[in-house]
Each structure stands twice: as C-alpha cells, then as structure tokens.
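Analysis of the macromolecular model
Each chain, written out:
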Amino acid sequence: MATKTLTALKVAQLKHATFLLGLPSAGTKSELITSLTRHIGLHVGAEPAESNRILSVDMGIRNLAYCVVTTTPPSNNENQHSGTEDQPPTALHVSTWSKTDLLQPDPINDTDPETKNKTSSRTALTNDPFTPSHLSRTAYTITRKFLSHSPSTILIERQRFRSGSGAAIQEWTVRVNMLESMLWACLRTLGQQRSTDRDSSDQPELHEVNPARVANFWVPAKDVPLRRTAALFQDDAGEKAETLMEVVGKKTRKIQKKDKINIVRSWLEGSEDVALTFEGEAAITARRFNGEKSTRTTTSTQDAAGIGKLDDLADCLLQAAAWARWQENRRIFAQLVEERSAG
C-alpha cells in the first residue's frame, strides 16, 4: 500500500521527502520509492521512544570532537498534530560536548573508569604514533570511553577518501581512515562480546553519517522548512517541492565552516528549530563557543586554554541534531503515508 501511495507522487516530491529524512536524494523514481518504503517499514506503528541517548563523533586525530545528547520525546498532544506546520522545536539535552587531541599521551584515559586509577605505562609518545599497533590501542581506548556514556545510538562521521575531488590521496586522510576503521571494529567486537552477557537490545546502534548530507540539511534552514508535513500530498505539492529543492541546491553549492558554526551559535542564542540545554562541562563549552567567558571560580584546562577550532565541535552537534530530526521526520512520514494508504 505504501508503494502505491508513493508511486502517485512526482519525482520532486520524492526527492524532497528523502532530503527531509536524511536519505540519498539522487536516483530514479523507483530507487527513491524503494529507499523510502524500506525506511517507512521501520517506523510504521512505532511510538516515539521515551528518550534516545545519542553519541555523535566528528572524526579526527588532532581534533576528535564528540557530544552526547538525549532527545526529548513529544508529548501526546504534540504527537497528535505531528503532520502540521506548528511543531515544537527538536529538544536536545547535551551532557557532553568536547574535543581531544589523540596525539597527546593518554588523551582520554584519565577519565576512563577502568584506567583512571592506574598509572600509565607510557610516559612519552612513540616515534610514530600512526603505526597500526599504536592506533589500535588508541581506538580501543576511545571505544571504551564512548561506551562508558551508555549511548543507545552512536553516530560516526563518514570519512572521505580524497580532498577537493583530487586524484591524490593525502597521507593524513589515510591515517584518519585507518582510525575510523579500527574504531568501527572495536565497537562491533565489544558490542558482540557484551551481547553475550546481557540483552542484545541494550547494545547501541551504530550508524555512519555522511557529513555533506548533514551540512546540506541545516544550511538552507532559513529558506526551506525542515519538517515533514501533510502538505506533501496536496495538489500543488509537486511544484512546491521542485522549487524547494532548487533553493536547497543553490544554498549548498559552497558551504563554508563559518556557515555551520553560525547555525550552532543561532541555536545557543535561542532558536525555534532546535532547543538545546546543557549540563556540566558541556555548558562551559557552550558558553565559550559563543564567545562568553566562564563564570566558574575553578578554572578548568578547557577554560584556561580555550576550545580551539569551532568547526569540529559544531559538526558533531549538527550531526546529532540532524539525526534526531531525521528520526522525527521518518516517524511522521510513516504515519502520513499509512493514513494516506488507508484512506
């Protein structure tokens, strides 16, 4: 039934739907329908989860950034009107928002629950910190740190193989890609081991996320609605969708780092689209991200040294917020298609 409903839509409407659901927008009409149908099936009849604890990672070696956010489910009243325009902002509570340099000796071991009371056997970096033996140990340490946050979903930024569509593959890209692969291997292995001791439903879902898709989603937000509504099925929806996708194409031709930083700053200053709350060190990062000095009497290392590059911190938060919005849109879209098919 869902396939029949989607077949009646124009290609522009299908591309607009995939854009709002965080899915690839390229392909033939049948490919778009297949992609949408598969994701609709995962959300048909599903109620919003009580909460979703998302750990979002922006890959890097010198600047690995990650955040831990908890989504707030909509109330029953809000859920009843999920297909309307006047929907509440996506509410995210940020408990961790930080960045680390993995070339520093034991950069995150000090807070690892299994190692914080132990003295590290390493007193200095090896001559080559990018060997498989060294990077594998780093990947394992990061994995243990990530899992200590007890996330229900882990998002890992998908790394590119080339920069600027060039023919050459830079050495630094190879290093980050190697770390990315090791991180995935550690998460999969530890997840399988832990599932033998407890319910497999307790294990976090792992997802790779295309960073270009995240940026392309948020940058046009001022000119393009980012909610999935019942307007998809109106008679003039095809023309509107085509116009909206043209705007998206123009807005995302050349996205700069400052564009993404400005989006996060607009959220920190108060936004009708994404509502953020912070706690602990994440609150300090938020104040410093917006250029405000910390008012804490005890100065932390982060307060004293600053937070450095902002784009990495922005990327991991944008990724988490995009995933939360995509999940909202997928649930709403599944409801709308189901209602349309039944009618």
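Residues numbered from 1 in each chain as written. Predicted model: local features only at pLDDT ≥ 70, side-chain atom pairs only at ≥ 80, totals over all residues. Heavy atoms only, no water.

For the protein, an unreviewed UniProt entry supplies the name SAP domain-containing protein and the organism Meristemomyces frigidus.

Quick word on the nonpolar core
Nonpolar side chains in soluble globular proteins generally cluster together in the buried interior. Our working definition: Nonpolar core, defined: a set of buried Ala, Val, Leu, Ile, Met, Phe, Trp, Tyr and Cys residues in which side-chain atoms within 4.5 Å join the residues together. Buried means the residue's accessible area, taken with a 1.4 Å probe over protein chains only, is under 20% of the maximum for its type, while exposed means over 50%, and partly exposed covers the values in between. Secondary structure follows DSSP: runs of H or I at least 4 residues long count as helices, runs of E at least 2 residues long count as strands, and numbering of each begins at the N terminus. Contact between two residues is taken to exist if any of their heavy atoms lie within 4.5 Å; hydrogens are not considered.
Membership of the largest hydrophobic core comes to 55 residues, with the highest contact counts inside it found for L6, W97, W218, F289 and F333. Sort the elements by how many residues they give to this core and helix α12 (residues 310-342) lands first, with 15 residues. Ignoring sequence-local partners within four residues, the contact set of L6 consists of L14, I33, L36, T37, I40, F333 and V337. Counting 26 residues, the second-largest nonpolar core is a separate cluster that includes M59, A139, F146 and C186.

Things to note about helix α10 (residues 280-289)
Among the residues making up α10, those that are buried are A282, A283, I284, T285, A286 and F289. Of the residues flanking the end of α10, it is G291, one or two places downstream, whose phi is positive at about 85°.

Things to note about the UniProt feature "domain: SAP" (unreviewed entry) in the protein
Put simply, the rule reads: UniProt positions are given in the numbering used here, feature names are shortened, and annotations may be inferred rather than shown by experiment.
Feature annotation in UniProt assigns "domain: SAP" (unreviewed entry) to the following positions: residues 6-40. Its end C-alpha atoms 11 Å apart, residues 6-40 is made of 69% helix and 0% strand.

Here we look at the pattern of salt bridges
Using the following cut-off: Salt bridge, as used here: a side-chain nitrogen of Lys or Arg that lies within 4 Å of a carboxyl oxygen of Asp or Glu.
With the rule as written, the count across this model stands at 10 salt bridges. One salt bridge connects E180 with R158, and the closest N-O pair in it is separated by 3.5 Å. You can see E180 sitting in helix α6 (residues 171-195) and its partner R158 sitting in the loop between β4 (153-157) and α6, a full 22 residues away along the chain. Judged by its relative accessible area of 4%, E180 falls in the buried class. Residue R158 is classed as partly exposed on the basis of its relative accessible area of 29%. With a closest N to O distance of 2.9 Å, D273 and R325 form a salt bridge. On the criterion of sequence distance, the pair formed by D273 in the loop between α9 (257-268) and β6 (274-278) and R325 in helix α12 is long-range, its members being 52 residues apart. Within the structure, one salt-bridge network assembled from shared partners comprises R227, D273, R325 and E328.

Here we look at the packing of aromatic side chains
Selection rule: Here the aromatic set is Phe, Tyr and Trp, taking the six-membered ring for Trp, and pairing holds for ring centres within 6.5 Å; pairs whose planes are under 30 degrees apart are stacked, those over 60 apart are edge-to-face, and all others are tilted. The rule is short: NZ of Lys or CZ of Arg within 6 Å of the ring centre and within 35 degrees of the ring normal puts a charge over the ring.
One pass over the structure, following the stated rule, counts nine aromatic pairs. Their ring planes at 20° and their centres at 5.9 Å tell us that W97 and F278 sit as a pair that is stacked. Within this pair, whereas W97 is found in strand β3 (residues 90-100), its partner F278 is found in strand β6, the two being separated by 181 residues in sequence. Its relative accessible area of 23% is what places F278 among the partly exposed residues. The aromatic ring of F130 is capped on one face by R175, whose charged end is 3.8 Å from the ring centroid. Note that R330 overlies the ring of W323, its terminal NZ or CZ placed 5.5 Å from the centroid.

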